[in-house]
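# Reading the structure
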Amino acid sequence: MNERLHSVLAQRDVSPESLAEVCEVDAKTVSRWLSGRVPHPRHRFRAAQHLRVEETFLWPVAKSRTGQSGAGVGIELVGTYQNRASVPRDVWLSLLQGTQEQIDVLVFSGTFFAQSNPYVAKMLTERAAAGVRVRLCFGDPRGHAAAIRGREEGIGNTLAAKIRASLTYYRALLPEAGCEVRLHDTTLYNSLFRYDDNLLVNPHIWGQPASANPLFHLKKAQSNGWFDNYAQSFDAVWAGARPWNPDQEETAAHGQD
């Protein structure tokens, strides 16, 4: 199945029938493309032009066969979204529910993670009970990085408050085997959401909230590729983060008040 073509059609709100009309082919032909068949070069060009994406993104294998220098570029990139807010809720749910080995989350506050799915803590607990390793890494509300990020976004100390509010959703996870929550104090260039071999990367644009920034869907396809680089960056931040202790955090917060 051509997941990239499926994803782009959904993002652009273009039906298979409409694409067939643009490319002057039968609708069944587009169905075959969606199933994995590689179109004729002229149809690839016209489809990519209409969908406003690179032809090599939709059909990297076709370019590889022709021996062109762009072969294999971005082979792990299976989907893009204009901003994180435009990612369908079903995408988040299906990835979480389908995970079999590990879930890693790296954010500052990640408030949307629970607000868009009020059962996220319960679902994470269920995945952990099934043997999935769950690692959640939030910004340290008392750290320098969160304070700097808050100033850059123009929201001051609000980010620290958002982090504390977000953490309350995950208190129930702490006693569960396989679940761990830590706090980091590092410059965060990307929010990361890993579900086994799927990774959603939300790069941070200076001064803008993460929800307004683009999101890339990577699927591990090779060693030492984009996926592994981001996964290793998560491990590095995780190693330097401290375990979250809700009671200590509440005491510290009251002390600041």
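Residues numbered from 1 in each chain as written. Predicted model: local features only at pLDDT ≥ 70, side-chain atom pairs only at ≥ 80, totals over all residues. Heavy atoms only, no water.

### Some words on the sheet that holds strand E1 (residues 77-81)
- Across the sheet, which stays open at both edges, the eight strands sit in the order E1-E7-E6-E5-E2-E3-E4-E8 with mixed pairing between neighbours. Each edge of the open sheet is held by one strand with a lone partner, namely E1 and strand E8 (242-243).
- Summarising the sheet, strand E3 (residues 133-139) and strand E4 (residues 179-184) pair through six bridges and their orientation is parallel. What sits directly across from arginine 135, in E4, is glutamate 180.
- Contacting strand E2 (102-106), E3 and E4, helix H9 (residues 120-129) crosses the sheet at an angle of about 140 degrees to E3. (Pairing = 2+ DSSP bridges. Helix = DSSP H or I, 4+ residues; strand = E, 2+ residues; numbered from the N terminus. Contact = heavy atoms within 4.5 Å. Axes fitted to C-alpha atoms, helices over the stretch in contact; angles between N-to-C directions.)

### A short note on the pairing of strand E7 (residues 215-219)
- One ladder, built from four bridges, connects E1 with E7; its direction is antiparallel. Counted as the bridge partner of threonine 80 is phenylalanine 216 from E7.

### Quick look at the environment of glutamine 222
- As for its placement among the helices and strands, glutamine 222 is situated in the loop between E7 and helix H12 (226-240).
- Among all residues touching glutamine 222, those that are not within four sequence positions of it are Ile75, Glu76 and Asp228.

### Quick word on the packing of helix H2 (residues 16-23) against helix H4 (residues 41-51)
- Where H2 contacts H4, the two axes come as close as 9 Å, and the packing angle between them is 125 degrees. Our classification of the angle between H2 and H4 gives oblique. Once H2 is placed against H4, the crossing between them reads as right-handed. Facing H2, whose interface residues are Leu19, Val22 and Cys23, H4 presents His43, Arg46, Ala47, His50 and Leu51.
- A per-class count over the contact of H2 with H4 returns five nonpolar, two polar and one charged. (Parallel < 35°, antiparallel > 145°, perpendicular 65-115°, else oblique. Left-handed = near helix turned anticlockwise from the far one by under 90°. Nonpolar A, V, L, I, M, F, W, Y, C, P; charged D, E, K, R; others polar.)

### A few points about the confidence of the model for the chain
- For the chain, the average pLDDT comes to 87, and 91% of its residues sit at 70 or higher.
- The model gives residues 64-73 a pLDDT under 50, and that stretch makes four contacts with residues more than four places away or in other chains. (pLDDT = per-residue confidence, 0-100.)

### Examining helix H10 (residues 144-153)
- If you check which residues of H10 are buried, you get Ala145, Ala146, Arg149 and Gly150. For H10, the angular spread of the buried residues around the axis is 135 degrees, confining them to a single face. Pointing more than 90 degrees away from the buried face of H10 are the exposed residues His144 and Arg151.
- Buried residues along H10 sit in contact with helix H11 (158-167).
- In the stretch just after H10, glycine 154 is the one whose phi turns positive, near 80 degrees. (Buried < 20%, exposed > 50% of the residue type's maximum accessible area, 1.4 Å probe, protein only. Arc of directions from axis to C-beta.)

### A word on the pattern of salt bridges
- Using the criterion set out here, one finds 10 salt bridges in the structure.
- Put simply, Asp104, Arg135 and Asp235 are held in one network by salt bridges that share partners. (Salt bridge = Lys/Arg side-chain N within 4 Å of Asp/Glu carboxyl O.)

### So, the state of the cysteines
- Under the defined criterion, the tally for this structure stands at zero disulfides.
- Its sulfur unpaired, cysteine 179 is 15 Å from the next cysteine sulfur, which belongs to cysteine 137.
- Among the residues examined, cysteine 179 registers a relative accessible area of 11% and is labelled buried. (Disulfide = S-S within 2.5 Å.)

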